[in-house]
Structures are given as structure tokens and as C-alpha cells.
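# Survey of secondary and tertiary structure
As a plain string of letters, each chain reads:
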Amino acid sequence: MLDVKDVVTAYGKIEALKGVSLSVEPGSITCLLGPNGAGKTTLMYTIAGILRPRRGSVRFGGDELVGQSADRVVNRGIALVPENRLVFPQMSVTENLAAGAYLRHDHGEIASDLEKLFARFPALKERRSQPAGTLSGGEQQMLAVARALMSRPKLLMMDEPSMGLAPLVVEEIFRIVGELNRDGITIFMVEQNAHMALKVAHKFFLMEQGKVTFAGAPGEVAQDEVIRRAYLGSAKAT
Amino acid sequence: MGFVDYVQAVIDGLLFGTTYSLIGIGFTLVFGVMHKINMSYAAASLAGAYCGLVGPQLLGLPAWTVFPLSIIAAGAIGYFIYLTCFRFIPLASPLATLMSTVGMLLLLDEIVVHSTAGMPQNYPAIYDGDPVEIGSFILRADLLGVFLVCVAAMAVLLALLYRTRLGLATRAVAQQPVAAQLCGMRLQAVNGLTFVIAGLLGGVAGAMIGASVGMLSPLISGPITVKGLIVTVIGGLGSIPGAIVAGLLVGAAENLFQALRNVTERDIYVMLLLFVFLVLRPGGLFATARGRD
Ligand SMILES: Nc1ncnc2c1ncn2[C@@H]1O[C@H](COP(=O)(O)OP(=O)(O)OP(=O)(O)O)[C@@H](O)[C@H]1O
Ligand SMILES: [Mg+2]
């Protein structure tokens, strides 16, 4: 579904991605692991059309995304829940969701999607007219996910959705990820919480210093000595 | 001069102050999306009003056409300023757009001086009926017209910002540009349109300044730029309600100072007002704790 090939993205002279290749299967939950500064966020922004790669190709369902603007990428069916959530702080929850549906014109459907999302995220419904900046971290993360869903994506990318959140909220997020996947949305997520990710994800990639250094299924991840030490602690994975 | 005269001065000042509010809103709108000050904004607004005069003076159109023409011209100049002073200028450098827009300010003023030979140009009043009397006070008909037009312009702007798709995009880009792009909003298109909207508002302000003074002169541009900036600072950069209230405040205060002292001292006190605000309320009238981000 998503095929990334030899992507090089640089900030000025510094190459943050040094030829990244990976692919995401349709219907899967794919997880990208990697230490701080590995280039995970850079890859997400490159796919989303926010950053332009120097070289390489990003194909989505046969279309080349490199060179397309971010709005085209959204239109093709890719949504990104960005690192740090990036909600619109002075807008109400409802307005944030309306912004997520910016490229859609089917007003009746938008209204019914809004109600469905409020049913899925009851905390957001309660706070529908509150400025997003006043929500808790967990609520803001839910809002960021809901906003991305308002574009009706086929592929939902999430950049560290559990960062800085309490264990209960993290579980809630992973439960929702599983639900969305069962509803037919392909998920590509950056996640440091490998224990949680191992429970839901079908495929893993490890990125280090701008390169993919490991790819495998959950079973192989648990076997891999390096990943185990870095992400699963010294205890044997179950 | 008695108490009644001072109240009258404040009333006149409040009515005229709506033009300052519009200029303040224009500075604030552009600051909202670009995080930069467009120094040429007030000059562009007045240049738009000058362009409006082309209709009646050179094309023989009826006098009232000066108003819509001024507004349209100022909107077009706004987009021109976006293209020349912002679009291709490195925004990371804080000084670059300051230099480009100050350059544009001087250029626009220079063009106006050359094309009018520096002579003041008569500008029609928006409405010249009888003044409205309320007790011992009067509302000048022309100022009342200016007031109503400016308030209508603000109402249209607020409806645009809070009731339309374009307004949603403008606010989204101002608050969180990366997320706005992820929602499918096109940064450059929204920025350009914001300049056009600010320009149109400036055109209303420029035309109404001409209509209440009765003429346009190259000498107006400097003071209006300064007062627009003062209004923006007092209102708080990025705050539209702040700009509206600050515009009224500056309009009322300057007229009161003029009545209390005289016209030559007036602007000294306006500057002092700015000073007081910078010391006591540097974040502006409605400064609030910013949301978490
Ligand atoms: N705007 C930027 N300008 C310059 N360098 C940047 C910029 N953003 C990121 N980098 C650099 O690119 C590299 C990759 O950063 P990136 O944010 O993609 O890492 P990451 O894997 O997402 O890390 P984290 O786990 O901390 O989120 C880092 O070395 C970082 O310093
Ligand atoms: Mg990151």
C-alpha cells in the first residue's frame, strides 16, 4: 500500500534520512521503532508532504507522492497524527474536527462522522465547545487522532501517540488503534512503547541514524538481541 | 472649553477611532499568520484610497465609486505586497521582511507624491446629511457614516473568520501551521488571501480616513502608520478584539488630548499612552495566558 524507497531527506546539509526503504501492507498495523533523533518524525513528515526529500520515492496505491503538496497527500487518503499532537489551541474541539474535514464537501456525511467520533471519544463530546488548548494531554491526543480521522483516511500515520501519557490512557489509545484497524484503516505508527506495540502490530521496522536496520514480525522482534536490550528491557519477552 | 466640549471631543474621537481599529486589525491579521509586521500596511491602505480617486477624477465615474474602487485597489495592493515583501523573502530572518516592508512603505509614499505632485486631493464625505443632536451633543453626519461603514466592515470580517471555511483556514494557519497543512490547508494560498483581506479592510479604513478629513495628503501616511502600530501594541499583537477596543481608545484619547491641550501637542500624549501600556500591560489589553503548546 505504501512503498518508501531510498528516501533521503535533509535539513540544510545534514541528512536526517540516508536512504530509507520500507513498506506498509494494506490492512496491517506497522510499527516503526528507533532511538531519539533516528529520523522517524522526519520520515512521517516526508511521507505527509510537509518535508520534501532530496531523493527517493514514496508510492501510495501506485501514485508517486514525492513532489506532491501536503493537501494532495491528504486527498489521496493519508492522514498524520503529528508528534506532540499539534491541536489548534484557541479553537474549540468541534472546530478542530471541522479543520480535519477541511478538504471534504459532503456536509451531511461530515456531520454523521462527527457524531460517530463523539461516540468513540466521549471525553471529546463533553468538551466539544472548550478550547483545545485547555484539554489534558490525553484528551488532546484523542482530539489529534479524531481530527486525522475526519479526513476519512485509508492510511493513518501516528507519530508517538503515547508519548508522555499515563499507562491507562496509553492502553486506551492502543485499544482504539486496534478498533480502527478492524474497521479497515491501515495503521503506520512510530512507537517507543514496544511492549504495547508488540501486542497489536503485525510488522516492525527499526530505524537508527537515518537508516532502517531491522524489519520483521513481532516474533522476530522479541528474538532480536539488540531490540530486546533497547526496547524491552533485560527481562525476557513473553 | 467646558465639560460638554470634552465629552463631544471623546464622541468624535470614538467615531473616527473605528478607522484606527481597522488599521490595527489589518496589522494584527497579517501578524497572526506570518508572525511578522507589515510596515507598509497603513501606507498601502491610503494608496488604495488614492487609487479610488482615479474613478471620479480621471474616468468620469460618479463620486460614490471612489469608495468601492479604493477598497478593491487596496486589496490588490495587499496581494502585491505579499508577493514582493513576503512570499520569496527568507522568513527565518527577523529583519528581512522589516526591511522589505519599510522599503515598500517608502515606495508607495513616493509613488503617491509623484502622481499627485504632492498636492492634497479632495475626498468626498461618505454621508453629508444633517448632524444628529442628542441633548447638548451632536453626532457629525460624516463621522457617523464613517463609524457605520467601519463597524460593518468589522462585522463582515468577523463573520468571515468565524463562519466560513476560509476563516477556519486562516485561524488554523495562525495557530498551528504544520497541523493546518496536515488538514489539507495550503499555507501560501491562505497567507496570500490573508493579505488580500487585510488589504480590503485597509481600503475601507483609508477611504473612511479620506472621507472624514475631506482630503488625502501624503502627510497622513506617517501618522496613520504610527497610530496603527500603537493600536496594535495596545490591543495586543494578534488580538482582533484588542485592536477594535484599542482603536476606539486611541481615537477618543487623541481627540480629548487635542481638546485639553492643542493639536500640536496631541501626539505627544498618544505616545505617552503607548509608553504607559508598554510598561503596565506589555501583552496588550486582552493579554491572557496562552494555551498549552
Ligand atoms: N527542523 C530541523 N532542522 C534541523 N535538524 C533537524 C530538524 N528536525 C530534526 N532535525 C534533526 O534530524 C534528525 C532526525 O530528527 P527526527 O525528529 O526525525 O528524529 P526522531 O526519530 O523523530 O526522534 P524522536 O524520537 O526524538 O522524536 C535529528 O538529528 C534532528 O536533530
Ligand atoms: Mg520524533
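Residues numbered from 1 in each chain as written. Chains lettered and ligands numbered in written order. Predicted model: local features only at pLDDT ≥ 70, side-chain atom pairs only at ≥ 80, totals over all residues. Heavy atoms only, no water.

Another point: the overall build of chain B. Within chain B one finds 11 helices and 4 strands. The C-alpha atoms of chain B give 19 Å as radius of gyration, which agrees with the globular expectation for 293 residues (19 Å, within 12%). Taking the principal axes of the C-alpha coordinates as reference, chain B spans close to 60 × 50 × 35 Å. Out of the 293 residues belonging to chain B, those deemed buried represent 51%. Counting contacts in chain B only where the partners sit at least 6 residues apart, residues at least 24 apart contribute 75% of the total. (Helix = DSSP H or I, 4+ residues; strand = E, 2+ residues; numbered from the N terminus. Rg over C-alpha atoms; globule rule 2.2 N^0.38 Å. Buried < 20%, exposed > 50% of the residue type's maximum accessible area, 1.4 Å probe, protein only. Contact = heavy atoms within 4.5 Å.)

The next subject is the overall build of chain A. In terms of regular secondary structure, chain A is built from 10 helices and 10 strands. A globule of 238 residues ought to have a C-alpha radius of gyration of about 18 Å, and chain A, at 18 Å, matches this closely. Over its C-alpha atoms, taken along the principal directions, chain A stretches across nearly 50 × 40 × 30 Å. The 238 residues of chain A split such that 54% are buried. Summed over all atoms, the accessible surface of chain A reaches about 10,400 Å², with 51% contributed by carbon and sulfur. (Areas by Shrake-Rupley, 256 points an atom, 1.4 Å probe, with all protein chains shown as cover.)

Now for the site of ligand 1. Residues and elements named next belong to chain A. Surveying the vicinity of ligand 1 reveals 13 residues, the closest of which are Gly37, Lys40, Thr41, Thr42 and Glu83. At 2.9 Å, a backbone N or O of glycine 39 approaches an oxygen atom of ligand 1. Alone, ligand 1 offers 630 Å² of accessible surface; in the complex the protein occludes 59% of this. Broken down by element, the residue count for the shell around ligand 1 peaks at 3 residues, all from helix 1 (residues 40–48). When grouped by side-chain class, the residues that make up the shell around ligand 1 number 4 nonpolar, 6 polar and 3 charged. (Near = heavy atom within 4 Å. Polar contact = N/O pair within 3.5 Å; in protein donor to acceptor, adjacent residues only side chain to side chain. Nonpolar A, V, L, I, M, F, W, Y, C, P; charged D, E, K, R; others polar.)

Further remarks concern the environment of A:Gly138. All names here are of chain A. Tracing the chain through its elements places glycine 138 in helix 6 (residues 137–149). Take glycine 138: its relative accessible area is 12%, and that puts it in the buried class. Glycine 138 sits 48 residues away from threonine 186 along the chain, and the two C-alpha atoms are 22 Å apart. Apart from residues no more than four positions distant in its own chain, glycine 138 is found in contact with Leu165 and Val169.

What follows covers the coordination of the magnesium ion (ligand 2). Protein ligation of the magnesium ion (ligand 2) involves A:Thr41 (OG1) and A:Glu83 (OE), the donor distances falling in the range 1.9 to 2.2 Å. Placement of the pair is A:Thr41 in helix 1 and A:Glu83 in the loop between strand 6 (78–81) and helix 3 (93–100), with a sequence separation of 42 residues. (Donors = N, O, S within 2.8 Å, 3.2 Å for Na, K, Ca; no water.)

For the rest of this paragraph, the subject is the pattern of salt bridges. On inspection of all chains with the given rule, the structure shows 21 salt bridges over all chains. For B:Arg140, the salt bridge goes to B:Asp142, with nearest N and O atoms at 3.0 Å. When its relative accessible area of 17% is taken as the criterion, B:Asp142 is described as buried. Residues participating in the shared-partner salt-bridge network are A:Arg104, A:Asp106, A:Glu109, A:Asp113, A:Lys116 and A:Arg152. (Salt bridge = Lys/Arg side-chain N within 4 Å of Asp/Glu carboxyl O.)

This part is about the nonpolar core. Grouped together as the largest cluster of nonpolar side chains are 107 residues, with contacts concentrated most on A:Leu2, A:Leu43, A:Phe188 and B:Ile25. In contact with A:Leu43, other than residues within four places in its own chain, are A:Val4, A:Leu17, A:Val20, A:Leu22, A:Leu32, A:Phe188 and A:Met207. (Core = buried A, V, L, I, M, F, W, Y, C linked by side-chain atoms within 4.5 Å.)

Take the interface of chain B and chain A next. Frequently, the measure chosen for interface size is the accessible area removed from exposure when the parts meet. Every contact between the two is made by 18 residues of chain B and, on the other side, 28 residues of chain A. For the pair chain B and chain A, the summed buried surface comes to about 2,100 Å²; carbon and sulfur atoms form 63% of the total. The tally of links from chain B across to chain A stands at 1 salt bridge. For the salt bridge of A:Glu95 with B:Arg171, the shortest nitrogen-to-oxygen distance reads 2.8 Å. Every element with two or more residues in the side of chain B that touches chain A is listed here: helix 6 (165–175) and helix 7 (177–182) of chain B. Per-element tally for the side of chain B that touches chain A: the top contributor is helix 6 of chain B, with 6 residues. Residues that form the side of chain B that touches chain A fall into these classes: 9 nonpolar, 4 polar and 5 charged. (Buried area = accessible area lost by both parts, 1.4 Å probe.)

Considering every residue of chain A, the mean pLDDT works out to 93; 97% of them sit at 70 or more. A low-confidence stretch, residues 234–238 of chain A (pLDDT under 50), is modelled with 4 contacts involving residues beyond four sequence positions or located in other chains. (pLDDT = per-residue confidence, 0-100.)

All names here are of chain A. Its location among the elements puts alanine 132 in the loop between helix 5 (122–126) and helix 6. Alanine 132 sits in the buried class, given a relative accessible area of 0%. For the pair alanine 132 and glutamine 90, spaced 42 residues apart in the sequence, the C-alpha separation amounts to 6.3 Å.

Let's shift gears to the pairing of strand 10 (residues 211–216) of chain A. For strand 9 (residues 203–208) of chain A and strand 10 of chain A, the ladder comprises 5 bridges, and the chain directions are antiparallel. In the sheet register, A:Leu206 faces strand 10 of chain A, and the bridge partner there is A:Phe214. (Pairing = 2+ DSSP bridges.)

The bulk of non-glycine residues show a negative phi, and the bulk of peptide bonds are trans. Residue A:Glu160 is not a glycine yet carries a positive backbone phi of 45 degrees. Structurally, the position occupied by A:Glu160 is in the loop between strand 7 (155–159) and helix 7 (167–182). For B:Ala117, which is not glycine, the phi dihedral falls at a positive 55 degrees. Structurally, B:Ala117 can be placed in the loop between helix 4 (96–116) and strand 1 (121–122). We classify B:Ala117 as exposed; its relative accessible area is 62%.

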